[in-house]
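Structural overview
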Amino acid sequence: MKIYSSLKSKKDRVRGCKLVRRKGRLYVINKREPKYKARQG
């Protein structure tokens, strides 16, 4: 999982990416392509 200061552009890389907020952190998850996982904060 990669940590970014901004996730907006990361969400648009591939179809299927979703932004999820968990425990005050923002995550990009993608069930089809797990390599696109990312976290902010």
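So, a few notes on the structure that sits alongside this text. (Residues numbered from 1 in each chain as written. Predicted model: local features only at pLDDT ≥ 70, side-chain atom pairs only at ≥ 80, totals over all residues. Heavy atoms only, no water.)

1. Section: the side chain of Arg-39
Structurally, Arg-39 is set in strand E4 (residues 38-40). When residues no more than four places from it in sequence are discounted, the contact partners of Arg-39 are Met-1, Lys-2, Ile-3, Tyr-4, Leu-7, Arg-25, Leu-26 and Tyr-27. (Helix = DSSP H or I, 4+ residues; strand = E, 2+ residues; numbered from the N terminus. Contact = heavy atoms within 4.5 Å.)

2. Observations regarding the pattern of salt bridges
Enumeration over the complete set of coordinates arrives at one salt bridge. Of the charged contacts, one joins Asp-12 and Lys-11 as a salt bridge, the two residues approaching to 3.7 Å between their closest N and O atoms. Lys-11 sits in the partly exposed class, given a relative accessible area of 30%. (Salt bridge = Lys/Arg side-chain N within 4 Å of Asp/Glu carboxyl O. Buried < 20%, exposed > 50% of the residue type's maximum accessible area, 1.4 Å probe, protein only.)

3. Quick look at unusual backbone geometry
Of note, the phi angle at Lys-23 is positive, near 50°, even though the residue is not glycine. Relative to the helices and strands, Lys-23 resides in the loop between strand E2 (18-22) and strand E3 (25-29). In this structure Lys-23 comes out as exposed when scored by relative accessible area, which is 88%.

4. Focus: a positive patch on the surface
A cluster of like positive charges, contributed by Arg-15, Lys-18, Arg-22, Lys-31 and Arg-32, occupies part of the molecular surface. Mapped onto the fold, Lys-31 is located in the loop between E3 and E4. Assessed through its relative accessible area of 80%, Lys-31 is described here as exposed. (Patch = residues over 30% accessible without salt bridge, like charges linked within 9 Å, V, L, I, M, F, W, Y side chains within 5 Å. Areas by Shrake-Rupley, 256 points an atom, 1.4 Å probe, with all protein chains shown as cover. Lys, Arg positive; Asp, Glu negative; His and termini not counted. Charge placed at Lys NZ, Arg CZ, Asp CG, Glu CD.)

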